[in-house]
Structure formats: structure tokens, C-alpha cells
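Each chain is listed here by its residues.
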Amino acid sequence: INLYKRFAERLVQLEEAEGAFDYFTLSYRSFGIQRPSDNGLVLREWAPGAEVVFLTGDFNSWEKQSHPFTQKEYGKWELYLSPKVDKSPAIKHLTKLKLVVLTKTGECLFRISPWAKHVTKTLDSVTYDWTHWDPPQPYQFQHPRPPWPSSLRIYEAHVGISSPEEKIASYKNFTRDVLPRIKDLGYNCVQLMAIMEHAYYASFGYQVTNFFAASSRFGTPGDLKHLVDTAHSMGITVLLDMVHSHASSNTEDGLNYFDGTDSCFFHGGSRGNHSLWGSRLFNYSSWEVVRFLLSNLRWWMEEYHFDGFRFDAVTSMLYHHHGIGTSFSGNYSEYFGIHVDEDALLYPQCITVAEDVSGMPGLCRPIEEGGLGFDYRLTMAVPDKWIQVLKEVRDEDWDLENIVHTLTNRRRGEASITYAESHDQALVGDKSLAFWLMDKEMYTNMSALIAMMPVIDRGIQLHKLIRLLTHSLGGEGYLNFMGNEFGHPEWLDFPRKGNNESYYYARRQFNLVDIEHLRYRQLYAFDRDMNLTEDKYGWLAAGQAAVTTLNQADKVIVFERSNLLFIFNFHPCNSYIDYRVAVEHAGKYKIKLNLDKLQYGGHGRLVQDTVFFTEPMPFNGRAQSFLVIWRLLKNTALK
């Protein structure tokens, strides 16, 4: 009730002051540099701590004080530049610019506009330059947004590492080489990481310096627009990994100390600093900060046609303690009270996914119900559970009840995106599932031309089992990090001093899938058919599965979802004959996805089109149907 009251009050305030909430979120059309129809230029900035603000750059031979802004109320500054005699704009496309901020303490600071649409860096420079982006022929989108998928299958991707080559890959490379793979794999959504400009490449895009600028290390704004447009032409929804929970502490090319104070966009003092990340924390109670962040969301949706956002580190936004030193045991007192930062809870209408480790109740319920309005939450406990099992537990000791509990322990009525692993598990210092399962054997024994070694056999079968169980039981959406679908053999490590600035691990070796005799191709084929099977039967859009068999001794899990019967045998050595499992409806059941196929790296022991029959059998005193399975081998999903 308090959250909704806070939201309603804030909305009324915005509408009274700005005319309409819609106008407020369109502030990117009035701040920064704007070019009206007369080709004059209007510049508007918010710098409440500044004494004077000037514009300098190539256009005035870098004269510091020749073009002063006029001070307006509420800390705003404006400058108008008349068009040239030939009616062309006073500042040309790709002109380098800087704001000169004279502080109240007499400092002279060179700054990039927070609303800058394009920033670039030369090889010999440490910091980024503000490069005016106003192309004579702007990119024109050709394709409409695809409809919102009922079953969201997300391919988490990073443009820079999307090539097998040891370099920073480009938007063009991703459009040409990776989007067709995403389509072929059956994913209907791509989630792009590290798009907003970040000075430190190794931050994975999570230390944003320029919130309105698409990273120029991958190409131009037009190149990114073509990427999104091409994805839409393939029916692929595009999400942006949005970092509004904190910002880079850079001053020369970031927001930090923009106007010479530590409290312009951020909380002043210690409250404005994240003690673990070394970054700055936004002041969500500030009118102009809310303008900036909401306009930023609108900008990416309207200028680049993104379809929604995955919000990073929502826990840090929700609580004044930012989740530091808090275990979140489930006690409701942890989620409501004075430690909740209610000023952070405002979002526009679009596809929204929240990364929240706390499990905040109502996170994915409508605002009018007192919820926070997100569409999905990430089930962050699931990948942690799989890693813990692989690291600490012998195959014969797997606790299936605990695994199933982790996969199904989610708030009903709040949709979840589940995943067996994401980019977090691929980073150096951790291991992907494939690496935990097969380790160094992946370098020498992934050829199908030689006998399958026991480590590879176990690894391939468990890799498939883990992913299908997670996909089918764990949520209302599914996510995979690029390359993990085929068991990428390397971790991910960006160039840094510790590795001699090497790009060897900052890449994805898609070329391995194109070599026919390597078993990476088999894992790729399974991932594709798993997604295509879901696309046909829609288990992600169905209600939560009903688990009918959970046998610890036999290591068998059986459940039904979306009129499909899933049967998993996790026993490390036992197969079963005439194994009985409960089904809701009597009739014929035909195999639709058999993990034991040779093309998936299986052993081909189960005939693909085997048909099974059901017959009524007594169970716990009630008439139930049982499926009599003449030969249930490991790795089988049935309908």
C-alpha cells in the first residue's frame, strides 16, 4: 500500500509540474543538443553546482569562454547557436566538443554532456571525447517490433566478444554472424550487454560512463540500429542490459562530479558511494535524476527500438543498504520498512526483467496491486545450485528433492526467467557448467572420430539433462549466455594488465560448432531442438509443472507441464525396464525429445518413434493412470 501511495503521489507531482508524465520521459528531446527546423542549435544542461558553463570544441578552436550558457532556474543552463550564413548548423556532424564548468570554488572542469549521444576514444587517449552525432542521413528503421513472445527464450550476448578472432567484434559482425545463429537455435529474444558506453572494457559494461551513448568500440549508432532492425526482421525481440543501479566514478568522461559537487546526480557523502563496487549511487529522490533516468529508458526504446530492459543489480536500487551484508532469509521485515528505497521504484511500460537477489515480494506484480511492475525476475539461486552440486556432491549423492525445490521455489503469480548459467558463471575465476563437467578433457577428447571418454560422456549427458530440467521446470522464461549452449571450452576474461591485455579469452569460438566431427556441434543441436520443442508446445507459458515422481534412490524425476510428460533419470549407472510413473491422462504417448539421440551426443539406445500406452492403475487408494515404460534409459523427455 505504501509503495503504491508513493508511486501515485510522485506521478501526480510529475504531471502537475511537467504537464504529463509522457513529456517528462521525453526530456532527451530538450536536453543536450537539439536542432530545431531552422538549423539553429539549442543546448540545455542541468548543473546546479556550477558558477558558469561554457561550450568549447573544434567549432570555436577550443576557446574556453567564447560561448557561455545562460543560467536558468532550478540549476539549468541554456545556449543557442544560430545557423551559419549558408543555413547549415553551427556545429557539424562528428565535431568534438566539451563543456567547460567553472565551479563555485574556482575550478575549471572539462566535462562531457550527460546527454551526449556519441563518445569516442583515440588509441593514444585515456579518456573519451564527446563527438557530436547528427548525420545528414540518419538510419531509417525498416521493420516493426515483433509481438511480445508468450514464451521468452533469451540469448544473453556481448557484441565485443562475439567473434572467434582475438579482437573487439563489431555491431556489423554480430548482425551478420551471430543473429542467424540465435534464430537457428530457436531463441526469440536477444539480451545485449555492455551497450551503454563504458570506459573500462573489462567492466563488462557495468561501469557506465555515458548513458545515452551506444559504445563506439563496437561501431556507430547506425550500426547498432541496423542490428536491432535486423533482429526484428527475424522475429527476435531485443532487450538492453540496463544499468541504472550505479554509475562509473570517472570524472573526465563520466557523470561523477559533473558540476564540481559530489551530489549532482548522486547522493552526497558516503551514501553516494558503493563500498564494494567503487561506483556512484544515484539519488532517486532528485527530480532531475528521475528525469534523466526515465528519459534514458525512453531514449533507448525510441531511438534504437529496443523492446525492453534487463535491469542490473535491482537489489542495490531497492534497499538503502544495497544488499551489502544482508542474507535475505525470507522474513518479510527484510523487504519492507525504512531500509527500502521507495524513490527508486518507477518504470515505464515495456518488457522488464529484474536481477534481484533479495526475492522482494511483489517485484513482478502490477503497480496498482502495490507491486513494483516488473514482468520477470531472474531466478539467481538456480545457477548457484547447479554449481554447488557439481563442485561439492558426488553423482550418486545428488539430492533431487533439493534440486527440484530450488527450481520450483518461486512466488506464484510472479513470472521468472530461469537459467542454468549466465555470463557470471563464464567469467574467469569461475567455471561454466561444461568446464565443471569436463575440464581439460574438452581440449583433447571432444572429437566424435574417437571413442567417447567417460568424462566426456558424463559431461555431455549431464549438460543436456541440467539444461532441459532447468528449461522445463524452472520458470516462465529461459536464458542462456552466448556459447554456453554448445559447451564453450574457455572461460571469459577481458584484456587487462594481469593477462598482458590479451583478447585470447575475450571471444566466443563459434567456429567449433562448424567443425562437423566435434561434439560441440552435438550440444548445439540439442539446445536448438530443446528450444524448438518448447516453441511448439509452450511449456514456459503454461502453469507451473506438477511433479508426480521424485525418487531419490532411483534418481528419477517425472513431471507434467503443458500436456507434456517429462522423465529424467539422473542415476549415474542405472537404466530401468518396466518403470511405472503416474500420468494425468490415459492414452498414447510419443517421444518428442529424446536426449539419447546420436546427433545429441547420446548412445542411440532408445528408438525415436517408440509409442507407449497407459492403463488405469490404483495409486494411494485412488484410480490413477500409469505409464508402463518398457525401457526407460537416461536422458528422456516424453509426450
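Here the structure is a predicted model, which means the values were calculated and not measured. (Residues numbered from 1 in each chain as written. Predicted model: local features only at pLDDT ≥ 70, side-chain atom pairs only at ≥ 80, totals over all residues. Heavy atoms only, no water.)

### Remarks on the overall build of the protein chain
Along the backbone of the protein chain there are 12 helices and 27 strands. Sorting the 639 residues of the protein chain into buried and exposed places 58% on the buried side. The long-range share in the protein chain, meaning contacts at least 24 apart out of those at least 6 apart in sequence, stands at 70%. Taken as a whole, the protein chain presents about 25,700 Å² of accessible surface, with 51% of it coming from carbon and sulfur. (Helix = DSSP H or I, 4+ residues; strand = E, 2+ residues; numbered from the N terminus. Buried < 20%, exposed > 50% of the residue type's maximum accessible area, 1.4 Å probe, protein only. Contact = heavy atoms within 4.5 Å. Areas by Shrake-Rupley, 256 points an atom, 1.4 Å probe, with all protein chains shown as cover.)

### Looking at the packing of helix α3 (residues 171-185) against helix α12 (residues 520-537)
Relative orientation and spacing of two packed helices are given, respectively, by the angle between their axes and the distance between those axes. The interhelical angle for the contact between α3 and α12, taken along N-to-C directions, is 60 degrees, at an axis separation of 8 Å. Relative to α12, the element α3 is oriented oblique. Within the contact between the two elements, α3 uses Arg181, Asp184 and Leu185 and α12 uses Tyr524, Asp527, Arg528 and Asn531. Within the contact of α3 with α12, the residues separate by chemical class into 2 nonpolar, 1 polar and 4 charged. (Axes fitted to C-alpha atoms, helices over the stretch in contact; angles between N-to-C directions. Parallel < 35°, antiparallel > 145°, perpendicular 65-115°, else oblique. Nonpolar A, V, L, I, M, F, W, Y, C, P; charged D, E, K, R; others polar.)

### Quick notes on the confidence of the model for the protein chain
Segments scoring low in pLDDT should not have their predicted coordinates read at a detailed level. Taken residue by residue, the protein chain gives an average pLDDT of 87. The fraction at 70 or more is 86%. Low confidence marks residues 318-348, where pLDDT is under 50. Its contacts with residues over four positions away, or in another chain, come to 78 contacts. Considering only residues more than four positions removed or in separate chains, one finds that residues 617-625, a stretch of pLDDT under 50, has 20 contacts. (pLDDT = per-residue confidence, 0-100.)

### Quick notes on the sheet that holds strand β11 (residues 189-193)
Taken in spatial order, the 8 strands line up as β10-β11-β14-β15-β16-β17-β18-β19 and close into a barrel, and their pairing is parallel. Within the sheet, the average angular offset between the axes of one strand and its neighbour, ignoring direction, is 30 degrees. Where β11 meets strand β14 (residues 237-242), 4 bridges bridge the pair, whose relative direction is parallel. Its bridge partner lying in β14, valine 190 is registered against valine 238. (Pairing = 2+ DSSP bridges.)

### Observations regarding the sheet that holds strand β4 (residues 70-71)
Strand order in the open sheet formed by 4 strands is β1-β2-β5-β4, and the pairing between neighbours is antiparallel. The open sheet has two free edges, formed respectively by β1 (32-34) and β4, since each of these has just one partner strand. Direction of pairing for β1 relative to strand β2 (residues 41-46): antiparallel, over a ladder of 3 bridges. Within β2, the residue paired with isoleucine 33 across the bridge is leucine 43.

### Some remarks on the pattern of salt bridges
With the rule as written, the count across this model stands at 30 salt bridges. A salt bridge links arginine 410 to glutamate 476; the nearest nitrogen and oxygen atoms lie 3.1 Å apart. Here arginine 410 is found in the loop between α8 (400-408) and β18 (416-418), whereas its partner glutamate 476 is found in the loop between α11 (454-473) and β19 (477-481), with 66 residues between them in sequence. Summarising the burial analysis for this pair, arginine 410 and glutamate 476 share the class buried. Each of Glu18, Lys76, Glu288 and Arg291 takes part in salt bridges that share partners, so that together they form one network. (Salt bridge = Lys/Arg side-chain N within 4 Å of Asp/Glu carboxyl O.)

### Some details on the UniProt feature "active site" (unreviewed entry) in the protein chain
In the numbering used here, UniProt assigns the feature "active site" (unreviewed entry) to Asp312 and Glu355. Annotated residues spanning 44 residues; largest pairwise C-alpha distance 5.4 Å, indicating a single compact cluster. When its relative accessible area of 8% is taken as the criterion, aspartate 312 is described as buried. Looking at where glutamate 355 falls in the secondary structure, it is placed in the loop between β16 (351-354) and β17 (376-378). For glutamate 355, a relative accessible area of 11% translates into the label buried. (UniProt positions renumbered as here; feature names shortened; annotations may be inferred.)

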